[in-house]
Amino acid sequence: KTCKDADELKAKLKECAPDGIDMYFENVGGMHWDAAFGSLKPKGRIAVCGVISQYNDSSFAASSLPLWALIYPQIKIEGFVCFEWLAGKKGHFL
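Residues numbered from 1 in each chain as written. Predicted model: local features only at pLDDT ≥ 70, side-chain atom pairs only at ≥ 80, totals over all residues. Heavy atoms only, no water.

Student: Tell me about the nonpolar core, and please be specific about residues and values.
Tutor: Counting ten residues, the largest nonpolar core consists of I21, Y24, W33, A36, F37, L40, I46, A69, L70 and I75. For this core, the elements supplying multiple residues, two or more each, are β1 (21-26), α2 (30-37), β2 (40-48) and α3 (68-71). Ranked by residue count, the leading element in this core is α2, at three residues. Excluding its chain neighbours within four sequence positions, the residues that come into contact with L40 are I21, D22, M23, R45, I46 and I75. (Core = buried A, V, L, I, M, F, W, Y, C linked by side-chain atoms within 4.5 Å. Buried < 20%, exposed > 50% of the residue type's maximum accessible area, 1.4 Å probe, protein only. Helix = DSSP H or I, 4+ residues; strand = E, 2+ residues; numbered from the N terminus. Contact = heavy atoms within 4.5 Å.)

This is how it looks when you write it as structure tokens:
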């Protein structure tokens, strides 16, 4: 909790991964999403399982996802839930 906004978090990511990140597991939303999305390498992948920062937000804000930013870098985003894995329908999770 040392970063006050997405730009600061993105700068921290740049320190750890100067060439960008290949994959991001989205389960938080908010500034974490913004920083990670802005740090993806071309052909980066995002797995979306939740957005806990917005679950209790009654004024659920519109997405700032710029769809055009997915095209040329060929970014892939896939949503999923774990129930099929936990039930053994897609393999064995545990």
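Student: Describe the side chain of E26, naming the residues involved and giving the relevant values.
Tutor: Locating E26 in the fold gives a position in strand β1. Despite its burial, E26 pairs with no opposite charge; the closest candidate is K10, at 14 Å N-O. A distance of 3.4 Å separates a polar atom in the side chain of E26 from a polar atom in the side chain of Y24. Aside from chain neighbours lying at most four places away, what touches E26 is W33, I46, A47, V48, C49, G50 and V51. (Lys, Arg positive; Asp, Glu negative; His and termini not counted. Salt bridge = Lys/Arg side-chain N within 4 Å of Asp/Glu carboxyl O. Polar contact = N/O pair within 3.5 Å; in protein donor to acceptor, adjacent residues only side chain to side chain.)

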